[in-house]
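Here is what each chain is made of, one letter per residue.
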Amino acid sequence: MSERQLRDAEPRDLDQLLEIERAQFPEPWTRSMLLDEIGNHDSRRYRVLELAGEILGYAGVMFVLGDELHLNSIATKPGFEGSGVARALMDDLIFDAENRGVARATLEVAASNERAQRLYYHYGFSPVGVRRRYYSLTGEDALIMWAHWDEPKA
Ligand SMILES: CC(C)(COP(=O)(O)OP(=O)(O)OC[C@H]1O[C@@H](n2cnc3c(N)ncnc32)[C@H](O)[C@@H]1OP(=O)(O)O)[C@@H](O)C(=O)NCCC(=O)NCCS
């Protein structure tokens, strides 16, 4: 029986990644944006969770400074939510980041996206501010969240 596997995103994944993007985001990335992101191995790390050739979700980070990262994107394929896909991707990205000495992380998330915010709270992120009308298509505000993994956990 096949098992879920985490691996780096590759250009051959683009069709599946685009399908997830278009299903999950009001302002999906284009094919060329995605290709640029997953092809940039200097400052980006994109991972997919795959089951028997089917991509169930993907996530990517950007390393900003030596010890800081930005969560660029995370999405689970429709129909596979709530089964730990995003958690597996976050665990993988954060484990790797901590091994690289990353001490803090930031992200933007739509103010109404409680599902994603709950996921981020679980990984130590807290809201620190708002970017007004950050999402141009919907006009929605974004919460700016930060996590400081070098501080002792409560
Ligand atoms: C936000 C998003 C990435 C979450 O992905 P997900 O794969 O559904 O998340 P997970 O399954 O890993 O975890 C979510 C919940 O499932 C639960 N869960 C984890 N493993 C599980 C399992 N094996 N079986 C059942 N439930 C499980 C978790 O406890 C968690 O519960 P909680 O939300 O009450 O804390 C997904 O909803 C999505 O793609 N949304 C659209 C894109 C988006 O908004 N991205 C974020 C942009 S900032």
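The shown structure was predicted, so the numbers you read here are calculated from the model rather than taken from an experiment. Throughout, residues of each chain are indexed from 1 in the direction in which the sequence is written. Owing to the predicted nature of the model, reporting of local features is limited to residues with pLDDT of at least 70; listing and counting of side-chain atom pairs is limited to 80 or more, with chain, interface and lining totals taken over all residues.

Notes on unusual backbone geometry
Of note, A52 is a non-glycine position whose phi angle comes to about 50°, a positive value. Tracing the chain through its elements places A52 in the loop between β2 (44–51) and β3 (54–65). Judged by C-beta crowding, with 9 C-beta atoms within 10 Å, A52 ranks as exposed. Phi at R133 is positive, roughly 50°, even though this residue is not glycine. Helix numbers and strand numbers start at the N terminus; a helix is a DSSP run of H or I with at least 4 residues, a strand a run of E with at least 2. In this structure, R133 sits in strand β6 (residues 126–135). Labels follow a simple rule on C-beta atoms placed from the backbone: if 20 or more others lie within 10 Å of a residue's own, it is buried; if 12 or fewer, it is exposed; otherwise it is partly exposed. Here R133 falls in the exposed class, since 11 other C-beta atoms lie within 10 Å of it.

So, the site of the ligand
Residues are classed as near a molecule or strand if the C-beta position derived from their backbone is within 6 Å of it. Of all residues adjacent to the ligand, which total 19 residues, the nearest are T76, E81, G84, A86 and R87. For the shell around the ligand, the leading source of residues is helix α4 (residues 114–122), giving five residues. Gly is put with the polar residues, along with every residue not named as nonpolar or charged; the nonpolar set is Ala, Val, Leu, Ile, Met, Phe, Trp, Tyr, Cys and Pro, and the charged set is Asp, Glu, Lys and Arg. Its residues assigned to classes, the shell around the ligand shows seven nonpolar, eight polar and four charged.

A word on the sheet that holds β3
Backbone-to-backbone hydrogen bonds join strands into a sheet, with any given pair of strands oriented parallel or antiparallel. If you walk across this open sheet you meet the seven strands as β1-β2-β3-β4-β5-β7-β6, and the pairing is mixed. Two strands bound the open sheet, and with one partner strand each, they are β1 (5–8) and β6. Across the sheet, the mean angle separating the axes of adjacent strands is 25° when strand polarity is ignored. Pairing between two strands requires that DSSP report at least two bridges joining them. Pairing analysis gives six bridges linking β6 to strand β7 (residues 140–148), with the strands arranged antiparallel. If you follow V130 over to β7, its bridge partner there is L143. Across the sheet, helix α3 (residues 85–99) touches β1, β2, β3 and β4 (68–76), and the angle it forms with β3 is around 30°. Comment: axis = line fitted to C-alpha atoms, over the contacting stretch for helices; angle = value between 0 and 180 degrees taken between N-to-C directions. Note on contacts: residues are paired as contacts if their backbone-placed C-beta atoms lie within 7 Å.

Remarks on α3
The span you would expect from a helix comes to 1.5 Å times its residue count less one. Along its 15 residues, α3 runs 22 Å from first to last C-alpha, staying within 8% of the 21 Å computed at 1.5 Å per residue. What α3 keeps buried is the set V85, A86, L89, L93 and A97. Along the long axis of α3, the arc covered by the buried residues comes to 95°, so they all point the same way. Counted as exposed and oriented over 90 degrees from the buried face of α3: F95, E98 and N99. Residues of α3 that are buried in the fold lie against β2, β3, β4 and α4. An arc is given here, and it is the one of the directions from the helix axis to the C-beta atoms.

Quick word on the pairing of strand β5 (residues 104–110)
Side chains of β5 alternate between two faces, with A105, L107 and V109 buried and R104, T106, E108 and A110 left unburied. In this sheet, β5 lies alongside β4 in parallel orientation, the contact comprising three bridges. Counted as the bridge partner of L69 is A105 from β5. Handedness is read with the strands pointing away from the viewer; a crossover is right-handed when the path from the first strand over the helix to the second is clockwise. Chirality of the crossover, the property in question, places the unit of β4, α3 and β5 among those that are right-handed.

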